[in-house]
Protein chains: 2
Amino acid sequence: MKIAVLGTGEVGRRLAGKLIEAGHEVTLGSRTAGNTAAVAWAAETGGRHDAFEGAAASAELIVNATPGQVSVEALTAAGAANLAGKVLLDVANPLDFSDGPRAVTFENGISLAEHIQRTFPSARVVKSLCTVNNAVMADPSRVPSPHHIFVSGDDDEAKDVTKRLLGDLGWGPDQILDLGPLTTARPIEQYVVLWVALAQALGTQDFNIAVQRAAG
Amino acid sequence: MKIAVLGTGEVGRRLAGKLIEAGHEVTLGSRTAGNTAAVAWAAETGGRHDAFEGAAASAELIVNATPGQVSVEALTAAGAANLAGKVLLDVANPLDFSDGPRAVTFENGISLAEHIQRTFPSARVVKSLCTVNNAVMADPSRVPSPHHIFVSGDDDEAKDVTKRLLGDLGWGPDQILDLGPLTTARPIEQYVVLWVALAQALGTQDFNIAVQRAAG
């Protein structure tokens, strides 16, 4: 697949690199063409790099790996027309650390993912992956099983595409928990504040949670 | 220990019953003396029942198992003087289901537990147990290990007392994760919205999460 990963931070670069290893044709998108991190990444991985707009235009699937508070701005730069009809996998976290960590919400308490969906109604938004650090995202086997990753979205076909992409990253079918509609991106994004507290208590970001059912 | 469990709902009755089995002297507290559920519970378990105030006055440790939105009102009825210097274990969830489930926050986004601590500064507030249903609270062995319960609070001695009480309920030392100060009650309370989504996706409330660290 032709994939644009928007965002040249650690998350974007790591995901983009792993998707190339999985056989995809990946363009790393940045605010401005010729971004130093993107150029270095491309030289290292054989991937492409471009500004948000060019990256999104040429892609069949878009990954939003920009910081949560500037994601709508970045996607606006990518161009609504370049998102239309495409799966838009949102892995961003809208965290605000100014008064203890909190997950920012949008219009009347909705999640970033819903805010993106409302802003770009023709995109097929799926939320996933934001509940683990980038090392676990791209290599879930580093955490002993069982452990789980969540998926939220209103478009079942877009979720199926996303689940296959999660499979390319190493997530097994039994590790993927589909929580249902995109409204469930709210608790997924809010959970990340607990993730921060857990990382602090454990002294590592290299962990994930498992959902364990009672026997019988 | 002499324990008052405030709240005659399923959580209060279940916790109070299990604490009696563990050898504690437990009074179930209700808004008005002679509450039907409390009377029936006392007849069944051999425990005591009383109004909030009498229950709190005679207790060394208080468990708040009232609904989160009326907890401060209930604790006010119990009497600030009857809470002073005592461990106050808050297991309540301030959930609002009017516009999809959300965890209500108080003054500037603080948690219920912090709100209780600010309202009753002489109480030694600890947050725990609110992240599992009452069956798992009182019998963690029904969920296959590993799985974890969180503890938040500013008073280390109060947290130690709470951890021993968790032990009485069946939680092993390796299942108890101390997240640190009472501010970490925020993510604990917010996580419960993810718990609701997971319960819906799994079709059961009989589960818990495990925190799994990466190997090495």
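Thresholds, definitions, all that
- Residues numbered from 1 in each chain as written.
- Chains lettered and ligands numbered in written order.
- Predicted model: local features only at pLDDT ≥ 70, side-chain atom pairs only at ≥ 80, totals over all residues.
- Helix = DSSP H or I, 4+ residues; strand = E, 2+ residues; numbered from the N terminus.
- Rg over C-alpha atoms; globule rule 2.2 N^0.38 Å.
- Buried ≥ 20, exposed ≤ 12 C-beta atoms within 10 Å, placed from the backbone.
- Contact = placed C-beta atoms within 7 Å.
- Nonpolar A, V, L, I, M, F, W, Y, C, P; charged D, E, K, R; others polar.
- Pairing = 2+ DSSP bridges.
- pLDDT = per-residue confidence, 0-100.
- Axes fitted to C-alpha atoms, helices over the stretch in contact; angles between N-to-C directions.
- Least-squares fit on C-alpha atoms with pLDDT ≥ 70 in both.

> Describe in detail the overall build of chain A, supporting the description with residues and values.
Counting its secondary structure elements, chain A contains nine helices and eleven strands. The C-alpha radius of gyration computed for chain A amounts to 16 Å, which stays within 12% of the reference 17 Å derived for 216 residues, consistent with globular compactness. In chain A, which comprises 216 residues, the proportion classed as buried is 51%.

> Lay out the interface of chain B and chain A in plain terms, naming residues and giving numbers.
How big an interface is tends to be expressed through the accessible area that disappears when the partners come together. Across the boundary between the two partners, chain B contributes 36 residues, which contact 36 residues of chain A. Residue assignment for the side of chain B that touches chain A shows that the elements contributing at least two residues are β10 (176-180), α9 (185-202) and β11 (207-213) of chain B. For the side of chain B that touches chain A, the leading source of residues is α9(B), giving twelve residues. Grouping the constituent residues of the side of chain B that touches chain A by class yields 19 nonpolar, eleven polar and six charged. One ladder, built from seven bridges, connects strand β11 (residues 207-213) of chain A with β11(B); its direction is antiparallel. Each residue of the ladder has a partner; that of Q212(A), found in β11(B), is N208(B).

> So, the confidence of the model for chain A: which residues are in play, and what are the values?
With 100% of its residues at a pLDDT of 70 or more, chain A has an overall mean of 97. As scored by the predictor, the complex reaches a pTM of 0.96 and an ipTM of 0.95.

> Account for the sheet that holds strand β8 (residues 124-128) of chain A, with residues named and values stated.
Residues and elements named next belong to chain A. The strand order across the open sheet formed by eight strands is β3-β2-β1-β4-β5-β8-β9-β10, and the pairing between neighbours is mixed. The open sheet terminates on both sides in strands that have one partner only, identified here as β3 (48-51) and β10 (176-180). Averaged over all pairs of adjacent strands, the angle between strand axes in this sheet comes to 25°, irrespective of strand direction.

> Account for the sheet that holds strand β8 (residues 124-128) of chain B, naming residues and giving values.
Residue and element names in this part refer to chain B. Ordered in space as β3-β2-β1-β4-β5-β8-β9-β10, the eight strands form an open sheet in which the pairing is mixed. Each end of this open sheet is capped by a strand with a single partner; those strands are β3 (48-51) and β10. Each strand axis lies, on average, 25° off the axis of its neighbour in the sheet, ignoring direction.

> Describe helix α6 (residues 112-119) of chain B, naming the residues involved and giving the relevant values.
Taken across its eight residues, α6(B) has six buried, putting it largely inside the fold. Burial in α6(B) covers these residues: L112(B), A113(B), E114(B), H115(B), I116(B) and Q117(B).

> If you had to explain the relation of the copies chain B and chain A to someone new, which residues and values would you point to?
Superposing chain B onto chain A takes a rotation of 180° plus a shift of 0.0 Å along the axis, which leaves an RMSD of 0.0 Å. Taken together, the rotation angle and the small translation identify this as a two-fold axis. Here 100% of the contact residues of chain B are again contact residues in chain A; the copies associate through an equivalent surface.

> Pulling in residues and values, what's your account of unusual backbone geometry?
All names here are of chain A. In this chain, S145 is followed by P146 through a cis amide linkage whose omega measures -5°. Looking at the element boundaries, P146 is found in the loop between α7 (134-138) and β9 (149-153). Non-glycine residue N108 carries a positive phi angle of around 55°. By the element assignment, N108 lies in the loop between β7 (102-103) and α6 (112-119). On the neighbour-count criterion, N108 (6 C-beta atoms within 10 Å) is exposed. Residues other than glycine seldom take positive phi values, yet L129 does so here, at roughly 70°. Structurally, the position occupied by L129 is in the loop between β8 and α7. Under the C-beta neighbour-count criterion, L129 is labelled buried, with 28 such atoms within 10 Å.

> Break down the environment of L15(B) for me, citing the residues and quoting the values.
All names here are of chain B. Tracing the sequence through the fold places L15 in helix α1 (residues 10-21). Sequence separation between L15 and A65 is 50 residues, and the spatial gap between their C-alpha atoms is 8.8 Å. If we skip the residues at most four places from it in the chain, L15 touches V5, V63, A65, M137 and A138.

> An account of the pairing of β8(B) is requested, with residue identities and associated values reported.
Residues and elements named next belong to chain B. Counting buried residues along β8, five of its five residues qualify, which places the element largely inside the surrounding structure. Alternating positions in β8 separate into two faces, R124, V126 and S128 on one and V125 and K127 on the other, with burial throughout. In terms of strand pairing, strand β5 (residues 87-90) meets β8 through four bridges, oriented parallel. Each bridged residue has a counterpart across the sheet, and for D90 the counterpart in β8 is K127. Judged from the three bridges that link them, β8 and strand β9 (residues 149-153) form a sheet pairing that is antiparallel. Along β9, the bridge assignment pairs V126 with G153.

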